[in-house]
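Coordinates in review
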Amino acid sequence: QVRLVESGGGSVQAGGSLRLSCAASGYTVGSHCMAWFRQPPGKARERVAQLDSDGSTTYADSVKGRFTISKDNAKNTVYLQMNSLKPEDTAMYYCAAPAICGWSYRYWGQGTQVTVSS
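The notes below deal with the structure included here.

Cut-off values and rules
- Residues numbered from 1 in each chain as written.
- Predicted model: local features only at pLDDT ≥ 70, side-chain atom pairs only at ≥ 80, totals over all residues.
- Heavy atoms only, no water.
- Helix = DSSP H or I, 4+ residues; strand = E, 2+ residues; numbered from the N terminus.
- Contact = heavy atoms within 4.5 Å.
- Phe/Tyr/Trp six-rings, centres within 6.5 Å; stacked < 30°, edge-to-face > 60°.
- Lys NZ or Arg CZ within 6 Å of the ring centre and 35° of its normal.

1. Thoughts on the environment of arginine 47
- Relative to the helices and strands, arginine 47 resides in strand E5 (residues 46–51).
- The sequence separation of arginine 47 and tyrosine 93 amounts to 46 residues, and the corresponding C-alpha distance is 9.6 Å.
- In this structure arginine 47 touches Ala35, Trp36, Phe37, Ala60 and Tyr105, once residues within four positions along its chain are discounted.

Printed below as a string of structure tokens:
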């Protein structure tokens, strides 16, 4: 059974940083694709970062240069380092994984709230 558990969210002032963690069980992050999504209040969910099995990364334009997705295979954990946070980054953040890279995201965590104040 696959389980993804996010942590690291919180409240921070604009310009600050947070690092989100996504601990996986039943799923080997080192050999699969992982992604971070976010959903602001009243808005649609968007993918902010993706880490492919070959180590390549993609980012939403809104977070390029500020967010970094990475993984620790030994800890089976994926991270999202968020710097220079803005109020518009306020959202519930979720990690997600597909059963197979390139397929739709099948597994989701419960989310962790990030609130950025101006």
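2. Some remarks on the packing of aromatic side chains
- Here the structure, examined in full by the defined rule, presents 5 aromatic pairs.
- Relative to tryptophan 108, the ring of phenylalanine 37 has its centre 4.8 Å away and its plane inclined at 55°; by these criteria the two rings are tilted. With phenylalanine 37 in strand E4 (residues 34–39) and tryptophan 108 in strand E10 (residues 105–108), this pair connects stretches of sequence that are 71 residues apart.
- Each residue in the set Phe37, Tyr94, Tyr105 and Trp108 is aromatic and connected to the rest through ring pairs, giving one cluster.
- Sitting over the ring of tryptophan 108, arginine 45 keeps its end group 4.0 Å from the ring centre.

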